[in-house]
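Structural overview for review
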Amino acid sequence: MRVGVLTGGGDCPGLNAVIRAVTKSLINHGQCEVLGIADGFEGLMGKKPHVKPLSWDEVSGILHLGGTILGTSNSANPLRDEATLEQVERNVRALGLDVVVVIGGDGTMSLAHGLRRIGLHCVGVPKTIDNDIANCERSFGFDTAVATVAESLRRIENTAMSHHRVMIVETMGRHAGWLALESGIAGAADIILLPEIDYDLQTIIKVCQKREQRQRYTIICIGEGAKESGQNLTVRERIEASPDPVRLGGVGHVLRERLQPHLKSEVRTTVLGHVQRGGDPTPFDRVLATQFGHHAAQLVLSGRLGHMVTLQNGRIGSVAIADVANTQRTVPLDSPLLTMARDIGICFGEA
Ligand code: F6P
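What counts and what doesn't
- Residues numbered from 1 in each chain as written.
- Predicted model: local features only at pLDDT ≥ 70, side-chain atom pairs only at ≥ 80, totals over all residues.
- Heavy atoms only, no water.
- Pairing = 2+ DSSP bridges.
- Helix = DSSP H or I, 4+ residues; strand = E, 2+ residues; numbered from the N terminus.
- Axes fitted to C-alpha atoms, helices over the stretch in contact; angles between N-to-C directions.
- Contact = heavy atoms within 4.5 Å.
- Near = heavy atom within 4 Å.
- Polar contact = N/O pair within 3.5 Å; in protein donor to acceptor, adjacent residues only side chain to side chain.
- Areas by Shrake-Rupley, 256 points an atom, 1.4 Å probe, with all protein chains shown as cover.
- Domains from an automatic or database assignment.
- Salt bridge = Lys/Arg side-chain N within 4 Å of Asp/Glu carboxyl O.
- Buried < 20%, exposed > 50% of the residue type's maximum accessible area, 1.4 Å probe, protein only.

The subject of this paragraph is the sheet that holds strand E7 (residues 191-193). If you walk across this open sheet you meet the four strands as E7-E8-E6-E11, and the pairing is parallel. The sheet is open, and its two borders are formed by E7 and strand E11 (267-271), each paired with just one other strand. Averaged over neighbouring strand pairs, the angle between their axes works out to 20° when direction is ignored. Where E7 meets strand E8 (residues 218-223), three bridges bridge the pair, whose relative direction is parallel. Looking across to E8, one finds that Leu193 is bridged to Ile222. The strands touched by helix H5 (residues 142-163) within the sheet are strand E6 (166-171), E8 and E11, with E6 carrying the most contacts at an inclination of about 165°.

Put into structure tokens, the structure is as follows:
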């Protein structure tokens, strides 16, 4: 059996751990040849496919490395037109690929689903620091990103206290607030603003003014997809060719401009950006990524193609890729985490 492996979409810590686990599990099985596909679906779209054999040695010593040894792309779209699709089909045939393990987010899963049209069978592995993939309560990469943001919040708090400032920290996460929520709790933010809850400016002003009298500093953790009630999303750029054309970013600066005129303290914004996607995966993410990679290999070997690995109620399982394509898992408004955070005084900007 010849199995391709690719990483698609934005990178995240733990991708190499999955590549290692899939490859070692398949090689150990004895009858599989594993090919690494370069730069996500891009590697299958050109006149000449970009692939390299993955041997045991090739994937050794990479468990703890951030990024992806295969490269990735979050703009490559093999479904963009018929000519591209035909080229992908020719490449898949020429390479003799029986199945491709696609490690990616919801965009990558949607593409994998669409590639059934040319008879390409895929097995999915969910990855993202956003933790927003349907049917998967924890994607690897998220724990590492939460640790990075929480650590940043602690550092920001030191300087906020010294200068008696309101400090806004903007996280990634797209339209899901998981990253802002969990890192905000872990990093002792006073106000957490999520895409799921439109915020009321007056509420935030009141909390900051009250804190100006007592603690004399405030930490606001805001997810990039959050917005003020009645206002639009803050879009950084659009990449039309991409399966996910809207790139968010800058909402922390928008909030600063709205807030500053109402406060005595200086308001500053830090946009954490891609620092959230890098770094060595935490031990939790290394274990989860290894479990996911191993399970993906089991799906390949047992012929359960068209499925994506999942984690539900603490157990590794799988679900049809069709069921997760084009869906997102956002923070439910009745989440116990929200209730707990409100009970300990964290403000979510609600009117
Ligand atoms: O989906 C992962 C993610 O890091 C999002 O949180 C963020 O909005 C996006 O990717 C950023 O993408 P890019 O690397 O293209 O700026």
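From this point, things continue past the structure.
This part covers the site of the ligand. If you check the shell around the ligand, you find Asn74, Ile129, Asp130, Met172, Gly173, Arg174, Glu224, Arg236, Arg247, His274 and Arg277 and nothing else. A distance of 2.7 Å separates an oxygen atom of the ligand from a polar side-chain atom of Asp130. Take His274: an N or O atom from its side chain is 2.9 Å from an oxygen atom of the ligand. Protein contacts shield 86% of the accessible area of the ligand, which totals 400 Å² for the unbound molecule. Residues from two domains meet in the shell around the ligand; each of domain 1 (2-140 + 281-323) and domain 2 (145-276) gives at least three.

Scanning the entire structure with this criterion turns up 20 salt bridges. Arg93 is paired through a salt bridge with Glu89; the nearest N and O atoms lie 3.2 Å apart. Of this pair, Arg93 and Glu89 both sit in helix H3 (residues 82-95), four residues apart, which is roughly one turn of that helix. Arg93 gets classed as exposed once you look at its relative accessible area, which sits at 64%.

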